Amino acid sequence: MSRAAALRGLTVWDMTAELGIGQNALLDHAGEAVAQLHDILGLPEDRWSDLLSWTPVPAEGVRMRFRGETVVSRSVANPTVRGCPRCLSEDMEQAVAHPADAMAMRGHWLLRDVHLCVRHGHPLVALWTRGRTSERFDYVARLGEIVADLRAGGLDTSPEPVTTYDIWLDARLEFGRDDTWLGSLPVDVAAKACRRLGEALATWGETGSQGEATPPRALGHAVLSEGPSAFQKALHDLASAASGPNDAWRKAYGSLYVWLEEVGGDDPRCDGLRDLMREVILDAWPVAAGDAILGVATPRRRLHSVSSAAKAGGVSEAVMRVLLVRHGLAGADDPRPDARLVIEADRAAPILAQASRMIGERELRLRMGLPSKARFEALVRGGLLAPVLPLEVSKHNWDPRDADRMMAALFAQAQEVDDAAPGWVHPNDGARRLRLGIEVVIRAMIAGTLRVGAAPGERTYAALRVRADELNDLGPAAPDVPTVSEYATVVGLHREGGLAALIADGHVPATTMFNPRTRREGRYMTDADGAAFQARFTTVTLLSRKHGLSAQQILSRLREKGVRRFRPGPGSTAGTYGPVYLLVETEGVFA
């Protein structure tokens, strides 16, 4: 309409007045005004339909119809009118009467997601800004105002490389076809998703195959054009990149998440993108049941982090991490912070329950009715009870359920026995007399090999009794000291035969004792032998236990101070003694 007016030396609104077409009716796309214009211009029906498709028409809600698609109004309606100065300059060379009579406003320029002219590689620039639509769309007047700037090159800027995104969007607007997954999305949604995903990728260091200068819009298009699986993989990669303890999904996805949650939160056209992102968030972060993600409440927790699991179990994060490692749900060397190291919530549930039950040694002994610390330690040495955690990790390091099971099994078939009844002794007393391990006696009691008695009305460990004569059938006890092999395991010298080699070379004493169980002599480490070893030597295991550091931290500090392993001397047949050090050389390292 403006070019037709320019050929006659008129403004748009002068011409509409001459022809009797109402200005407001035309701006509002009233049917009668549009029909009048159709009759006046006399365009063939196919060209007229194409012309109307490039003209945004208001639709229901804050929407407009543009190129056969429904887009949000702000995508195609803006006070600032943009265009390619190169295209307009070339048009101007074909003018007949007025420079504006040949200058055509391209429909592509209306979509705010179009960045540049694919023909010239020139970014779209602001041609003018007008709040009143009657002034904004008076193209004859507005174009006439910028003729001088166009001829002088005042609107020109540096050209930019045309990206795959620019080619894709230009072709989609031109031909209305899109064979990629983006074709399932409205054009403005698809374009905004490309740019915002690309911004997130660029923020976390993704540059794409086109190099560091690849614009975000092209980065996002390269992913989204491949389909939903590629989109979700990129989201997972972003989640991994945002690995800081406070890096939640809002930080990982940046403006993409903000757009889907806030700006497009009430736009059902974005639901597909939201559903895909929500699944990734639930698979990457410990979202609690009931928390709303992108407008949908989470029905159940899928993941726990170390932090959330610790809170649910009522323990510290350090304790929870050790529990997860102990149960094989986390790696001991996993570098992720507690807030980002996640495990499946269902698999973590038993560990959380255990963490909430944990009690200290004194409380456990009171629960069992076992006031004697010596008897308790005998049960531990016998492998009948074991702490869940090392004492240096937590004082509440015992799971009472283990003791409860043992006590229930011991009292399952117990008979009442008066304290004065002859022939009955406490299990620990009987085991000590026969030099049996208490574990032998307890297991025999549970298996029914030994009759079990209990003081009337009591269900405590102190109330248990066994028949002294039946104990004799369990056989003689083994020496109540560890073998060389057992002691080597305790001090961490079992893998390379280090302790045996030290003994063989005369550096450490050992005692030869007869074992009535095996009916042969063997080498054992008495308390004196162990004291002699630890008076001169130490190991990574002992240092770790003493200083509360990991083996890696111990080795690192020893290397930093130049402390070397104690090595075999001339004449020794041992290749190595393993990770053993002279105690005197390590004393200053951990001061």
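Keep in mind the model is a prediction, meaning the values are calculated, not measured.

(A) Local environment of the overall build of the protein chain. When helices and strands are counted, the protein chain shows 30 helices and 19 strands. Taken over the C-alpha trace, the protein chain has a radius of gyration of 41 Å; the compact-globule value for 591 residues is 25 Å, which it surpasses by more than 25%. Taken along its principal axes, the extent of the C-alpha atoms in the protein chain is 130 × 65 × 35 Å. Taking all 591 residues of the protein chain together, the buried fraction comes to 45%. Within the protein chain, contacts between residues at least 6 apart in sequence are counted, and of these 61% link residues at least 24 apart. Of the accessible surface of the protein chain, which amounts to about 29800 Å², a share of 50% is contributed by carbon and sulfur atoms. Each charge sign in the protein chain was given a centre, from 70 positive and 74 negative side chains, and these centres are 8 Å apart.

(B) Spotlight on the packing of helix 11 (residues 187-203) against helix 14 (residues 249-263). Direction vectors running N to C along helix 11 and helix 14 enclose 155°, while the axes themselves pass 6 Å from each other. For the element pair helix 11 / helix 14, the angle class is roughly antiparallel. Of helix 14, the residues touching helix 11 (which contributes Val189, Lys192, Ala193, Arg196, Leu197, Glu199 and Ala200) are Ala252, Tyr253, Ser255, Leu256 and Trp259. Residues of the contact of helix 11 with helix 14, tallied by class, amount to 8 nonpolar, 1 polar and 3 charged.

(C) Structural detail: the side chain of Lys192. One can find Lys192 in helix 11. In contact with Lys192, not counting residues within four places along its chain, are Ser75, Asp113 and Trp259.

(D) Structural context of the sheet that holds strand 1 (residues 57-59). Within the open sheet, the 3 strands sit side by side as 1-2-3. Their pairing is antiparallel. The open sheet is flanked by strand 1 and strand 3 (69-72), the only strands paired with a single partner. In this sheet, adjacent strand axes meet at a mean angle of 45° when their direction is disregarded.

(E) Spotlight on the layout of surface pockets. In this structure, the second largest pocket encloses a volume near 1000 Å³. Along the wall of the second largest pocket there are 31 residues; nearest its centre are Ser544, Leu549, Ser550, Ala551 and Gln552. Listed by contribution, the elements that provide at least two residues to the lining of the second largest pocket are helix 17 (317-326), helix 28 (540-547) and helix 29 (551-560). Among the residues forming the lining of the second largest pocket, the class breakdown is 13 nonpolar, 10 polar and 8 charged.

(F) View of the sheet that holds strand 15 (residues 464-467). Strand order in the open sheet made by the 4 strands is 12-14-15-13, with mixed pairing throughout. Looking at the sheet topology across the chains shown, the edges are occupied by strand 12 (415-416) and strand 13 (424-425). As paired elements, strand 14 (residues 452-454) and strand 15 share 3 bridges and run antiparallel to each other. When the bridges of strand 15 are listed, Ala454 appears paired with Leu464.

(G) Inspection of the packing of helix 16 (residues 306-313) against helix 17 at higher detail. The N-to-C vectors of helix 16 and helix 17 enclose an angle of 105°; their axes lie 8 Å apart at closest approach. Here helix 16 lies roughly perpendicular to helix 17, going by the angle between them. For the pair helix 16 and helix 17, contact is made by Val306, Ser307, Ala309 and Ala310 and by Glu317, Met320, Arg321 and Leu324, respectively. Looking at the contact of helix 16 with helix 17 residue by residue, the classes come out as 5 nonpolar, 1 polar and 2 charged.

(H) Empty space enclosed by the protein, seen in detail. The tally for this structure, following the rule as stated, stands at 1 cavity of 30 Å³ or more. Lining the largest cavity, in full, are Leu364, Leu385, Ala386, Trp398, Asp399, Asp402 and Ala403. Residues of the lining of the largest cavity, tallied by class, amount to 5 nonpolar, no polar and 2 charged.

(I) Main features of the nonpolar core. Formed by 83 residues in total, the largest nonpolar core has its most connected members in Leu169, Leu197, Leu235, Tyr253, Met277, Ile281 and Trp285. It is helix 11 that provides the largest number of residues to this core, a total of 9 residues. Setting aside anything within four residues of it in sequence, one finds Met277 in contact with Leu235, Tyr253, Leu256, Tyr257, Leu260 and Leu294. With 30 residues, the next largest nonpolar core counts Leu370, Ala378, Leu379 and Leu450 among its residues.

(J) Quick look at helix 19 (residues 361-368). Listing the buried residues of helix 19 in full gives Leu364, Arg365 and Met368. The arc enclosing the buried residues of helix 19, seen along the axis, measures out at 100°, which places them on a common side. In helix 19, those exposed residues whose orientation departs by more than 90 degrees from the buried face are Arg362 and Leu366. After helix 19 finishes, the residue Gly369 shows a positive phi value of roughly 70°.

(K) Structural view of the side chain of Arg217. As for its placement among the helices and strands, Arg217 is situated in helix 12 (residues 216-224). Within polar-contact distance, the side chain of Arg217 engages the side chain of Asp166 at 3.0 Å. With residues up to four places along the chain from it excluded, the contact list for Arg217 reads His115, Leu116, Glu160, Pro161, Thr163, Tyr165, Asp166, Cys194 and Arg195.

(L) Fine view of helix 10 (residues 164-175). Spanning 12 residues, helix 10 covers 16 Å between terminal C-alpha atoms, matching the ideal 16 Å at 1.5 Å per step. Residues Tyr165, Asp166, Trp168, Leu169, Arg172 and Leu173 constitute the buried set of helix 10. Considered in projection along helix 10, the buried side chains sweep an arc of 165° and stay on one side of the axis. Structural note: helix 10 exposes Ile167 and Phe175 on the side pointing more than 90 degrees away from its buried face. Downstream of helix 10 by a residue or two, Gly176 has a phi angle that is positive, lying close to 70°.

(M) Up close: a nonpolar patch on the surface. On the surface, Leu19, Ile40, Leu41 and Leu51 cluster together into a nonpolar patch covering about 280 Å² of accessible area. Looking at the element boundaries, Leu41 is found in helix 4 (residues 31-41).

(N) Here's a closer look at the environment of Asp14. Within the secondary structure layout, Asp14 lies in helix 2 (residues 12-19). Once the C-alpha coordinates of Asp14 and Gly430 are considered, the two residues, 416 residues apart in sequence, prove to be 118 Å apart.

Cut-offs used in this document
- Residues numbered from 1 in each chain as written.
- Predicted model: local features only at pLDDT ≥ 70, side-chain atom pairs only at ≥ 80, totals over all residues.
- Heavy atoms only, no water.
- Helix = DSSP H or I, 4+ residues; strand = E, 2+ residues; numbered from the N terminus.
- Rg over C-alpha atoms; globule rule 2.2 N^0.38 Å.
- Buried < 20%, exposed > 50% of the residue type's maximum accessible area, 1.4 Å probe, protein only.
- Contact = heavy atoms within 4.5 Å.
- Areas by Shrake-Rupley, 256 points an atom, 1.4 Å probe, with all protein chains shown as cover.
- Lys, Arg positive; Asp, Glu negative; His and termini not counted.
- Charge placed at Lys NZ, Arg CZ, Asp CG, Glu CD.
- Axes fitted to C-alpha atoms, helices over the stretch in contact; angles between N-to-C directions.
- Parallel < 35°, antiparallel > 145°, perpendicular 65-115°, else oblique.
- Nonpolar A, V, L, I, M, F, W, Y, C, P; charged D, E, K, R; others polar.
- Pairing = 2+ DSSP bridges.
- 1 Å grid on protein atoms, 1.4 Å probe; cavity = no way out; pocket = protein on both sides within 12 Å on 5 of 7 lines; lining within 4 Å.
- Points joined across faces, edges and corners; volume = space filled by probe spheres on them.
- Core = buried A, V, L, I, M, F, W, Y, C linked by side-chain atoms within 4.5 Å.
- Arc of directions from axis to C-beta.
- Polar contact = N/O pair within 3.5 Å; in protein donor to acceptor, adjacent residues only side chain to side chain.
- Expected span 1.5 Å × (residues − 1).
- Patch = residues over 30% accessible without salt bridge, like charges linked within 9 Å, V, L, I, M, F, W, Y side chains within 5 Å.
- Salt bridge = Lys/Arg side-chain N within 4 Å of Asp/Glu carboxyl O.

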